[in-house]
Amino acid sequence: MIKKNSLSFRIITRVLLITITLFVLIMAGYYYYARNIIREYTRQNAIELAGNLTGKIEQILQPMEKVPQMLASTMEMGLIHPDSLMSILETVVRKNPTIYGSALAFEPDFFPDKGTYHMLYAHREGDRVHSMTLDTEEYDYFYMDWYQIPAILKEPYWSEPYYDEGAGNILMATYSVPFYCLRDGERRFAGIATVDLELEWLTDIVSQVQIFETGYAFMLSRNGVAVTHPDRTMIMNKSAFSNAEEWNAPILREVGRDLLQGISRFREYHIPGRDKLWIYYRNLESNLWSVSVVYPDREMFASLRQMTTMGVVFILGGLLLLTLITSGVIERLAKPLTLFAGSARTIAEGNFDVKLPTVSTNDEMKELHDAFSHMQEELAEYVVNLKETTAAKEKIESELRIAREIQLSMIPHTFPPFPDLPQVCLYAMLKSAREVGGDLYDFFVIDKDKFCFAIGDVSGKGVPASLFMAVTRTLLRTIADKEQSPASIMETLNKSLAFNNESNMFVTFFLGVLDLRTGKLMYSNAGHNPPVVIGSNGNVSMFEAAKSIPLGLFEDFIYTEHAVQLNSGDKLFAYTDGVSEAENKREVLFGEERMLEIVDAGKHLDPKDLIKSMEEAIDNHVVDYPQSDDITMMAIRYT
């Protein structure tokens, strides 16, 4: 079973997504192309079908039109006796099966003895021909379209469909031809010769056209009135324009306008609430009637939809089969990845000798196998080296811890240091940036009446600085037992440190000797930060800046000493540059100005509290930023 979040699942889904997209695009292109082909084929078929139907109807109408034309010509020539006219009409109807009826309608008093109305009419009744004379005003033909319009236009005319009540008594259309006679030397209108076309018979002819299952053909008159239609209730009752209004279908109005203008067109039209249709229409040449053929859209594209449905089914089946095959292939190909993942977890647990899955192919899987194998070897070697390195590092760290303990044990760390010396109150602290550092301080009593103290900062950090610091502190104690002048101590100490100093290390150093009886302080400064004097009166000031170089650089350098008188209650604050140069993460230094502010604020504090307040201020300044230099402070109050 493929997991949803696995690589195999993602590959399969992407392949299927691309495949489905391609199939959709192909099917959409096929559907669009096939639909256009079907539409064009249907258009050609509609043109041909309408043309055939039009030709068939013209073959019926044109011979019919010749009959009244012949009758009109015969009447104008006066070759027929009036008593023979009825028999001629009967013969015309009998000999022409497409003609339902034929008539000769005369102008009032054309025959003086016949009266105002005189119309001879012969028509079919079943298998026989019936004739009649219409000579009363009950059948007032003078005001009927088939008579009145050709008389006015003086040309033949096909009437609109109508129900001929009182004569033919059916739905029909009439073709009328006017005829004339000479009276008093003038050519005067004499009457109308007609033939009648039964619409029921014409409808049967048009209905023979088969278009799919529900397609049909129909005819419209020149005014858009239905002449034939599969729905018999539409004949003579509805027109394209009335249906457009009733069905809210403006497209029917457009069709009606095209027919009036004699335009042929194949187009799609849709009546609200009904199925979409396609229609082709064209006019007859003889009477401006039109023939229309209608193709239901649903049936027209039924084969296309069926093929599309089958295509979709086959595609879905193919996609399912593709999914199954692809899943099996990808799962088989990706199986080594799962095994490699298990091997990687085992290696991560520390078992570097785990057996990797076998790969028989010479492809990317083989490269991955070789990469894992190489990683195993490198990790095993790395772990061995790491163990050795870690052991060595732990040993060094242990030695550094011991060295730190030794270094801290070398400097005084018991306070108060001299309980039997009430003249001196002292506190000092040293905080290394690393395990061991190069800062130092020291203090001791010389000849019971003199108090010696010193503070220094060795160049560099770490073990070399700590060794140099230890040598400096040891030499200081040794030399101070023999020399009492600060300048002499400095010069002797400098010579010892500079001798064979191939590493060129040095130490800034401040040394003071305080006479406990008089308060006189003799000091010498070898390039160290000047201490701060806090007077008993509250004044805070710094010693003058050092003018001598640090110890250890030149053996023969002459150091000077200076004197200052301390009064009872005066305090000294000595420090290394780790105080003033303490840096925070914004690379802003603590600074001497800030240091003096803290000293001034704590001038009434005892030495220990003064150093604690300075340490707290430094911590607040650097926050959690790593310490970059050793910090050493010493505070002395003389009483």
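What comes next concerns the included structure. The structure presented is a predicted model; accordingly, all values stated were derived computationally and were not measured.

Attention now moves to the overall build of the chain. What the chain contains, in helices and strands, is 14 helices and 22 strands. In terms of C-alpha radius of gyration, the chain reaches 64 Å, well past the compact-globule figure of 26 Å for 639 residues. Principal-axis analysis of the C-alpha atoms gives the chain an extent of 185 × 70 × 40 Å. Counting across all 639 residues of the chain, residues that qualify as buried make up 45%. The long-range share in the chain, meaning contacts at least 24 apart out of those at least 6 apart in sequence, stands at 63%. Carbon and sulfur atoms make up 54% of the accessible area of the chain, which amounts to about 34100 Å² in all. If the 60 positive side-chain charges of the chain are averaged to one point and the 86 negative ones to another, these points end up 3 Å apart.

Glancing now at helix H14 (residues 607–622). Here H14 spans 23 Å end to end across 16 residues, near enough to the 22 Å set by a 1.5 Å rise per residue. Those residues of H14 that fall on the buried side of the exposure criterion are Pro607, Leu610, Ile611, Met614, Ala617, Ile618, His621 and Val622. Taken around the axis of H14, the buried residues stretch over an arc of 125°, which confines them to a single face. Facing away from the buried side of H14, by more than 90 degrees, are the exposed residues Glu616 and Asn620. Structurally, H14 contributes buried residues whose contacts are with strand E13 (424–431), strand E18 (532–534), strand E21 (571–575), helix H12 (577–580), helix H13 (592–601) and strand E22 (631–638). Where H14 ends, the next residue or the one after it, Val623, has phi of about 55°, a positive value.

A word on the packing of H13 against H14. The geometry of H13 relative to H14 is characterised by a closest axis approach of 10 Å and an angle of 140° between their N-to-C directions. Here H13 lies oblique to H14, going by the angle between them. Considering the relative orientation of H13 and H14, their crossing is right-handed. Residues Met595, Ile598 and Val599 of H13 lie in contact with H14, whose contacting residues are Leu610, Ser613, Met614 and Ala617. Of the residues assigned to the contact of H13 with H14, the class counts are six nonpolar, one polar and no charged.

On to the nonpolar core. Of all hydrophobic cores here, the largest spans 57 residues; its most connected members are Ile57, Leu104, Phe106, Met219 and Trp289. Sort the elements by how many residues they give to this core and helix H1 (residues 7–77) lands first, with 13 residues. Core analysis: the next-biggest nonpolar cluster, separate from the first, contains 48 residues, Leu421, Cys452, Leu521 and Leu566 among them.

With that settled, the discussion passes to the pattern of salt bridges. Applying the stated rule across the entire model yields 20 salt bridges. Between Asp442 and Arg473 there is a salt bridge; the shortest N-O distance is 3.3 Å. Of this pair, Asp442 sits in strand E14 (residues 439–446) while Arg473 sits in helix H10 (residues 462–480), placing them 31 residues apart in sequence. Residue classification places Asp442 among the buried residues on the basis of a relative accessible area of 1%. The class of Arg473 is buried, set by a relative accessible area of 16%.

All right, on to helix H3 (residues 145–153) then. Among the residues making up H3, those that are buried are Trp146, Tyr147, Pro150 and Ala151. Within H3, the buried residues cover an arc of 115° as seen down the axis, which keeps them to one side. Considering only its buried residues, H3 is in contact with strand E1 (101–106), strand E2 (119–125), strand E4 (157–158), strand E5 (162–163), strand E6 (171–183) and strand E7 (186–198). Phi turns positive one or two residues past the end of H3, at Lys154, with a value near 60°.

Each regular strand carries side chains that alternate between the two faces of the sheet. In terms of burial, strand E17 (residues 520–526) is largely enclosed, as five of its seven residues are buried. The pairing of strand E16 (residues 507–515) with E17 spans six bridges and is antiparallel. Directly across from Phe509, in E17, lies its bridge partner Ala526. A loop of four residues connects E16 with E17, the two strands running antiparallel in sequence, and Gly519 in this loop sits at a positive phi of about 85°. Pairing geometry for E17 and strand E20 (residues 562–565), over four bridges, is antiparallel.

The grouping of Ile18, Leu22, Phe23, Leu25 and Ile26 at the surface amounts to a nonpolar patch, some 490 Å² of accessible area in total. Tracing the backbone through its elements, the reader meets Ile26 in helix H1. Judged by relative accessible area, Ile26 falls into the exposed class, the value being 54%.

The strand order across the open sheet built from five strands is E14-E15-E16-E17-E20, with neighbouring strands paired in antiparallel fashion. Both edges of this open sheet fall to E14 and E20, since each of them pairs with a single strand only. Here the strands of the sheet are splayed against their neighbours by 20° on average, with no regard to which way each runs. Here nine bridges tie strand E15 (residues 450–458) to E16, and the two strands are oriented antiparallel to one another. In the strand pairing of E16, Lys450 is matched with Asp515.

Checked against the element boundaries, Thr576 lands in the loop between E21 and H12. Among the residues examined, Thr576 registers a relative accessible area of 0% and is labelled buried. When near neighbours in sequence (up to four residues on either side) are disregarded, Thr576 contacts Asp439, Ile455, Gly456, Asp457, His528, Asn529, Asp630, Ile631 and Thr632.

Let's shift gears to the packing of aromatic side chains. Using the criterion set out here, one finds 32 aromatic pairs in the structure. A centroid spacing of 5.5 Å and a plane angle of 55° characterise the contact between Trp158 and Trp289, whose relative ring orientation is tilted. Note that Trp158 is positioned in strand E4 and Trp289 in the loop between strand E11 (277–283) and strand E12 (290–296), a separation of 131 residues in sequence. Taken together, a centroid distance of 5.9 Å and an interplanar angle of 75° make the contact between Phe212 and Tyr295 edge-to-face. Separated by 83 residues along the polypeptide, Phe212 in the loop between helix H4 (199–207) and strand E8 (216–220) and Tyr295 in strand E12 bring together distant segments of the chain. On the basis of relative accessible area, Tyr295 is assigned to the buried category, the value being 2%. Pairwise contacts between aromatic rings join Phe415, Phe418, Tyr427, Tyr441, Phe443, Phe451, Phe453, Phe510, Tyr523 and Phe543 into one cluster. Sitting over the face of the ring of Phe301, Arg35 holds its NZ or CZ atom 3.9 Å from the ring centroid.

The amide bond that connects Phe415 to the next residue, Pro416, takes the cis arrangement and shows omega of 0°. With respect to the secondary-structure elements, Pro416 resides in the loop between helix H9 (364–410) and E13. Look at Asp109: it is not a glycine, yet its phi comes out positive at around 60°. If you trace the backbone, Asp109 turns up in the loop between E1 and E2. Unusually for a residue other than glycine, Asn169 sits at a positive phi of about 55°. The residue Asn169 is located in the loop between E5 and E6 in this model. Exposure remark for Asn169: the relative accessible area of 39% places this residue in the partly exposed category.

Rules used in this analysis
- Residues numbered from 1 in each chain as written.
- Predicted model: local features only at pLDDT ≥ 70, side-chain atom pairs only at ≥ 80, totals over all residues.
- Heavy atoms only, no water.
- Helix = DSSP H or I, 4+ residues; strand = E, 2+ residues; numbered from the N terminus.
- Rg over C-alpha atoms; globule rule 2.2 N^0.38 Å.
- Buried < 20%, exposed > 50% of the residue type's maximum accessible area, 1.4 Å probe, protein only.
- Contact = heavy atoms within 4.5 Å.
- Areas by Shrake-Rupley, 256 points an atom, 1.4 Å probe, with all protein chains shown as cover.
- Lys, Arg positive; Asp, Glu negative; His and termini not counted.
- Charge placed at Lys NZ, Arg CZ, Asp CG, Glu CD.
- Expected span 1.5 Å × (residues − 1).
- Arc of directions from axis to C-beta.
- Axes fitted to C-alpha atoms, helices over the stretch in contact; angles between N-to-C directions.
- Parallel < 35°, antiparallel > 145°, perpendicular 65-115°, else oblique.
- Left-handed = near helix turned anticlockwise from the far one by under 90°.
- Nonpolar A, V, L, I, M, F, W, Y, C, P; charged D, E, K, R; others polar.
- Core = buried A, V, L, I, M, F, W, Y, C linked by side-chain atoms within 4.5 Å.
- Salt bridge = Lys/Arg side-chain N within 4 Å of Asp/Glu carboxyl O.
- Pairing = 2+ DSSP bridges.
- Patch = residues over 30% accessible without salt bridge, like charges linked within 9 Å, V, L, I, M, F, W, Y side chains within 5 Å.
- Phe/Tyr/Trp six-rings, centres within 6.5 Å; stacked < 30°, edge-to-face > 60°.
- Lys NZ or Arg CZ within 6 Å of the ring centre and 35° of its normal.

In short, the description is geometric, and any link to function would need to be established separately.
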